[in-house]
Amino acid sequence: MRENRRSPGRKNGRRERGPRTRPRLTALVALVLAGTGVLAGCVSEGAPAPDSAAGRPSPSPRPTPVWNPAPASIAAVGDSITRGFDACTVLADCPEVSWATGTDSGVNSLAIRLLGAPAVAEKSWNLAATGAVMADLPDQMTAAARHEPALVTVMAGANDACRDTPEQMTPVADFRASFETSMRRLRAAAPTAQVYVASVPDLKRLWSTGRGSPMGMQVWKLGLCASMLGDAQDMSERARERRETVYERVVAYNGVLKDVCAKDSRCRYDGGAVFGYRFDEGQLSQWDWFHPSKDGQSRLAELAYRNITAAELPAERLPPV
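To start, this report covers the structure provided alongside it. (Residues numbered from 1 in each chain as written. Predicted model: local features only at pLDDT ≥ 70, side-chain atom pairs only at ≥ 80, totals over all residues. Heavy atoms only, no water.)

**Focus: the overall build of the protein**
No. 1: Scanning the protein from N- to C-terminus turns up 13 helices and seven strands.
No. 2: Evaluated residue by residue, the protein yields a buried proportion of 44% over its 321 residues.
No. 3: Sequence separation of 24 or more characterises 71% of the internal contacts of the protein that already satisfy a separation of 6 or more.
No. 4: Of the roughly 18000 Å² of accessible surface on the protein, 53% is carried by carbon and sulfur atoms. (Helix = DSSP H or I, 4+ residues; strand = E, 2+ residues; numbered from the N terminus. Buried < 20%, exposed > 50% of the residue type's maximum accessible area, 1.4 Å probe, protein only. Contact = heavy atoms within 4.5 Å. Areas by Shrake-Rupley, 256 points an atom, 1.4 Å probe, with all protein chains shown as cover.)

Structure below.
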């Protein structure tokens, strides 16, 4: 039996008329089309309408920040300052109070601040060496890269200026070549490692601060940084010129550190923070009045932490006139 199917809109073979909306709908469509035509007339021929997807500039993707303010591991390279020399006992390294990787809670090293005390032993490495000059840094960088650190701290250059005479100071060109080689070696083995570069301390200011100490005078006579500290009480024109020559060389070294670091997107120079810091008597070693004491090491750690965790590069600190 064949079923008689009818369309829902038909009655008695005729299509029922629905609500009387079509004329109004037709008029509305015409009005919209007319309005579109008017808007199109305001656009240059061949150009897409302002409201079209093609007319809206697509937002540029935000670049991923290169600098990570919370690195997960640290390797430290440099000289006696990073080894904590003369901070605990006379004429001896004391790496546990190092500003960079020390474990002494009183110093609150950079490693403790960034990694937390439990992780310092396994996630930080102190590869600095007492007496090191910039020419020693390439090998230190090679050793640091083997640990694949997230951050490498650099504090070197004081021994390049601290020689028996100003004539023996490392030439600026050689200083630059050694630092550039250091960065190339690190990049070859650890391309994503970040680098924090501390400026060379102001040796002239250390001389000015420590020369009032009778103990300091006796130790300095043994030849410690003679280019600056020798004949500490001599205020003759010749002595002044000698100290000024050393001061200017340190300024030049810091200029090299800044320039070379600026060419690497994963490197931060401290902006002269260490150079500009005014170490007082309590922040210098009681044995040599030259190297940082435990308190001085803590101040270095604070400066480094502040600059490494900052959202932007540290502001440049110009050397005093």
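Text resumes after the structure shown.
**Things to note about the side chain of Asp 86**
No. 1: Residue position: Asp 86 is located in the loop between α2 (80-83) and α3 (110-115).
No. 2: Buried and unpaired, Asp 86 has Arg 83 as its nearest opposite-charge partner, separated by 12 Å.
No. 3: With near-sequence residues (within four places) excluded, Asp 86 lies in contact with Leu 91, Ala 92, Ser 285, Trp 287, Asp 288 and His 291. (Lys, Arg positive; Asp, Glu negative; His and termini not counted. Salt bridge = Lys/Arg side-chain N within 4 Å of Asp/Glu carboxyl O.)

**A short note on helix α13 (residues 294-308)**
No. 1: For α13, which comprises 15 residues, the first-to-last C-alpha distance of 21 Å matches the rise-based estimate of 21 Å (1.5 Å per residue) to within 8%.
No. 2: Turning to α13, its buried residues number three or more, namely Gly 296, Gln 297, Ser 298, Leu 300, Ala 301, Leu 303, Ala 304, Asn 307 and Ile 308.
No. 3: In this fold, the buried residues of α13 make contact with α2, α3, β5 (151-155), β6 (194-197), β7 (267-269) and α12 (273-276). (Expected span 1.5 Å × (residues − 1).)

**Some remarks on the pattern of salt bridges**
No. 1: What the rule picks out here adds up to seven salt bridges.
No. 2: Note that Glu 244 and Lys 204 form a salt bridge whose closest N and O atoms lie 2.8 Å from each other. In this pair, Glu 244 is assigned in helix α11 (residues 237-262) and Lys 204 in helix α8 (residues 203-210), connecting sequence segments 40 residues apart.
No. 3: A residue is classified by how much of its surface remains accessible, and Glu 244, at 28% relative accessible area, is partly exposed.
No. 4: Under the relative-accessibility criterion, Lys 204 is labelled partly exposed at 28%.
No. 5: Ionic pairing is found between Glu 302 and Arg 306, a salt bridge with its closest N-O pair at 3.1 Å. Pair noted here: Glu 302 and Arg 306 are both in helix α13, with a separation of four residues, about one helical turn.

**Let's talk about the state of the cysteines**
No. 1: By the definition in use, this model includes three disulfides.
No. 2: The disulfide that involves Cys 162 links it to Cys 225, with 2.0 Å between the sulfurs. Handedness of the Cys 162-Cys 225 disulfide follows from its S-S torsion of about -75°: it is left-handed. Taken together, the positions of Cys 162 in the loop between α6 (158-161) and α7 (172-189) and Cys 225 in the loop between α9 (214-220) and α10 (226-229) put the pair 63 residues apart, joining distant regions of the chain. For the pair formed by Cys 162 and Cys 225, the shared burial category is buried.
No. 3: Covalent S-S linkage joins Cys 261 and Cys 267, the inter-sulfur distance amounting to 2.0 Å. Residues Cys 261 and Cys 267 are joined through a disulfide that is left-handed, its torsion about the S-S bond being -115°.
No. 4: Owing to a relative accessible area of 2%, Cys 261 belongs among the buried residues under this scheme. (Disulfide = S-S within 2.5 Å.)

**Let's talk about the nonpolar core**
No. 1: The biggest cluster of nonpolar side chains holds 72 residues, and the ones touching the most others in it are Trp 99, Val 197 and Leu 203.
No. 2: Per-element accounting of this core gives the leading share, eight residues, to α11.
No. 3: Setting aside anything within four residues of it in sequence, one finds Trp 99 in contact with Ile 81, Thr 82, Ser 109, Leu 110, Thr 153, Met 155, Tyr 196, Gln 297, Leu 300, Ala 301 and Ala 304. (Core = buried A, V, L, I, M, F, W, Y, C linked by side-chain atoms within 4.5 Å.)

**Concerning the pairing of strand β3 (residues 74-78)**
Consecutive side chains of a regular strand alternate in pointing toward one face of the sheet and then the other.
No. 1: In terms of residue burial, β3 counts as a mostly covered element, since five of its five residues are buried.
No. 2: Here β3 shows a buried face lined by Ile 74, Ala 76 and Gly 78 and a second buried face lined by Ala 75 and Val 77.
No. 3: Where β3 meets strand β4 (residues 124-126), three bridges bridge the pair, whose relative direction is parallel. From the neighbouring strand, Ala 76 faces β4, where its bridge partner is Asn 126.
No. 4: Strand direction decides the pairing type here: β3 and β5, joined by five bridges, are parallel. For Ile 74, the partnering residue across the bridge sits in β5 and is Leu 151. (Pairing = 2+ DSSP bridges.)

**Brief notes about the packing of aromatic side chains**
No. 1: Across all of its chains, the model carries three aromatic pairs by this definition.
No. 2: Seen in terms of ring centroids, Phe 175 and Tyr 253 are 4.1 Å apart; in terms of plane orientation they differ by 10°. Their pairing is stacked. With Phe 175 in helix α7 and Tyr 253 in helix α11, the pair connects residues that are 78 residues apart, well separated along the chain. As far as burial versus exposure is concerned, Phe 175 and Tyr 253 are alike and both buried.
No. 3: For the ring pair Tyr 247 and Phe 275, a centre distance of 6.0 Å and an interplane angle of 45° mean the geometry is tilted. Highlighted residues: Tyr 247 in helix α11 and Phe 275 in helix α12, separated in sequence by 28 residues. (Phe/Tyr/Trp six-rings, centres within 6.5 Å; stacked < 30°, edge-to-face > 60°.)

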